[in-house]
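Structure at a glance
Chain by chain, the residues run as shown.
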There are 2 protein chains.
Amino acid sequence: MAISIGMFDSGVGGLTVLREVERLLPDDSFVYFGDTAHCPYGPKGDKTIIRYSIENSIFLIDQGIDLLVVACHTASALSLHKLKSTFSIPVLGVIEPAVQKACTATHSKRIGVIGTRATIQSNVYQKAIHAHLEHAHVFAQACPLFVPLIEEQFGNREIARLIVREYLLPLKEHNIDTLLLGCTHYPLLHTLIQEEIGSDVVIVNPATACAEAVAQIKKTLLHLKKEVEEPLRNQRKVFFVSDDPVRFKETGERFFGYPLPDVIHVSPTNSLI
Amino acid sequence: MAISIGMFDSGVGGLTVLREVERLLPDDSFVYFGDTAHCPYGPKGDKTIIRYSIENSIFLIDQGIDLLVVACHTASALSLHKLKSTFSIPVLGVIEPAVQKACTATHSKRIGVIGTRATIQSNVYQKAIHAHLEHAHVFAQACPLFVPLIEEQFGNREIARLIVREYLLPLKEHNIDTLLLGCTHYPLLHTLIQEEIGSDVVIVNPATACAEAVAQIKKTLLHLKKEVEEPLRNQRKVFFVSDDPVRFKETGERFFGYPLPDVIHVSPTNSLI
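About the cut-offs
Residues numbered from 1 in each chain as written. Chains lettered and ligands numbered in written order. Predicted model: local features only at pLDDT ≥ 70, side-chain atom pairs only at ≥ 80, totals over all residues. Heavy atoms only, no water. Helix = DSSP H or I, 4+ residues; strand = E, 2+ residues; numbered from the N terminus. Rg over C-alpha atoms; globule rule 2.2 N^0.38 Å. Buried < 20%, exposed > 50% of the residue type's maximum accessible area, 1.4 Å probe, protein only. Contact = heavy atoms within 4.5 Å. Areas by Shrake-Rupley, 256 points an atom, 1.4 Å probe, with all protein chains shown as cover. Domains from an automatic or database assignment. Buried area = accessible area lost by both parts, 1.4 Å probe. Salt bridge = Lys/Arg side-chain N within 4 Å of Asp/Glu carboxyl O. Pairing = 2+ DSSP bridges. Axes fitted to C-alpha atoms, helices over the stretch in contact; angles between N-to-C directions. Polar contact = N/O pair within 3.5 Å; in protein donor to acceptor, adjacent residues only side chain to side chain. Nonpolar A, V, L, I, M, F, W, Y, C, P; charged D, E, K, R; others polar.

**So, the overall build of chain A**
When you go through chain A residue by residue, the secondary structure sums to twelve helices and ten strands. Scaling as 2.2 N^0.38, a compact globule of 273 residues should have a C-alpha radius of gyration of about 19 Å, and chain A matches this with 18 Å. Judged by the C-alpha coordinates and their principal axes, chain A covers about 55 × 40 × 35 Å. In chain A, which comprises 273 residues, the proportion classed as buried is 57%. By sequence separation, contacts in chain A at least 24 residues apart represent 75% of the contacts at least 6 residues apart. About 11800 Å² of surface is accessible on chain A, with carbon and sulfur atoms providing 53% of the total.

If you want it as structure tokens, here you go:
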């Protein structure tokens, strides 16, 4: 039986998560909401992020989803607890599954985390890793130029490599054996990051970890629902944004290199409360 | 007699404009509004930008300003016409004064313009220059990594120089004699840009050009008002933002290297309409 999976991010970044979930669950329906009118979330205040997250969730729940994925690291860090306690459907973030995976992968217990300035300053990964693996050594590094580098497709690969090298240098010096990509965009720099950090370091992609967790929850949901007769629903994949849909489609397609279906605009002030 | 000057930008960038206006008019009052809840404006849709601009202007006019400066290039490009026709006080943008200055400075009529992707794609500078100087050759170049480079104070100056060099190369090849900095942040890269584009190229800073235009309008305003008895007002300099004021203060101070007064938070949805 197919379920409907809702997902929000501040922009196109969450598409890396959507891609991985879709790869594992190709027959399910997806409703993606990019809150582009408020993008990026990273530099904004905690209360503002929580307010946006609640509004986005209400919108997606109104769309009839069975499960909600918070595909944004900042929103996962700040609002997951509030969303879980507010709504009755299962809510998943991108942080917890990735942290579990990193803690399983490490041998030396020396784990590197990279992310935006806001994510690193929030200490959310550092705390979550310590909660799983008490004696872990966590080395965190903000890489604030990675997102613009990816979104703007900076053409000069050698300069991109120098920037990646510059940011990863402290982590290399700390001899990490596992590196967690703490931002939805970073999987798109996977090859450069792997080359610069060294082939012996395990890179944990939160999008993959999150997709595996979603597949697991789907099983539980279906198990709970097996007694219930459900009407057949058509599979659908739909994209909503709170700002210009054409720009989202363009950036999203540039971001991934393959076509997206039509994107629908919804006004955040009128439709989301 | 002192006047009260209102100014808005999507974030801290407009502080470069504030600094120049204050330098010319040190005895006037300033009310700055940073619409940080919606920052950045560049990638957002036209209608959204116009809506934000109107809301910001109403808020500033409510603060009793005599003159409004739109210190944001994107908002100047998209909403200046609407603001001028809607409100009774004088409204100035950052584009027109800079274009006038560039057209006066050029000898070869080969003018370069750099800005964010959104500003360059909007063609606003290209059109404005042609309106002033019909046979000008305008060479426009988007430099989308400059803003994050500045805001994140990327430490490695050599990599910053390589990025500047990469973006300016096509303009150098076009033998421009004048370069217009079409983004509020870029004056902070002035030295690197001058070094890379060459000392014979005149760099036009829209913040300086805008400040000179504001001083000119102040003269006209005072001339019109000379018959009117005005109560004495205390000089004040006040900062409002629509998101976290602490972050604005931190980024603003990092941006400029000198302390800002306290910043006050106003909620965009509650207070601005």
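After that view of the structure, there is still more to cover.
**A closer look at the domain arrangement of chain A**
All names here are of chain A. Domain boundaries assigned for chain A yield domain 1 (4–93 + 208–265) and domain 2 (96–205). For domain 1 versus domain 2, the distance between C-alpha centres works out to 23 Å. Contact residues are listed per partner, giving 21 residues for domain 1 and 18 residues for domain 2. With both chains or domains summed, domain 1 and domain 2 bury close to 1500 Å², and 59% of this area falls on carbon and sulfur atoms. Interface area lost by domain 1 to domain 2 is led by His73, Arg254 and Phe255, which between them contribute 37%. Our enumeration of links across domain 1 and domain 2 arrives at one salt bridge.

**Let's talk about the sheet that holds strand E8 (residues 202–204) of chain A**
Residue and element names in this part refer to chain A. Taken in spatial order, the four strands line up as E6-E5-E7-E8 in an open sheet, and their pairing is parallel. Both outer strands of the open sheet, strand E6 (137–142) and E8, are each paired with one neighbouring strand and no more. Within this sheet the neighbouring strands show an average axis-to-axis angle of 20°, counted without direction. Across six bridges, strand E5 (residues 110–115) lies against E6 in parallel orientation. If you follow Arg110 over to E6, its bridge partner there is His137. Helix H4 (residues 95–105) rests against E5, strand E7 (178–181) and E8 of the sheet, and its axis sits at about 170° to E7.

**A closer look at the interface of chain A and chain B**
Between chain A and chain B, the contact holds 31 residues from the first and 31 residues from the second. Scanning the region where chain A abuts chain B turns up two salt bridges. For the salt bridge of A:Arg247 with B:Asp46, the shortest nitrogen-to-oxygen distance reads 3.8 Å. Connecting chain A to chain B are eight residue pairs in polar contact (both at pLDDT 80 or more). Listing elements by their share of the side of chain A that touches chain B, those giving two or more residues are helix H2 (46–62), helix H7 (146–151), helix H8 (157–173) and helix H11 (245–256) of chain A. If you tally residues by element for the side of chain A that touches chain B, the top one is H8(A), at five residues. Classifying every residue of the side of chain A that touches chain B gives 14 nonpolar, seven polar and ten charged.

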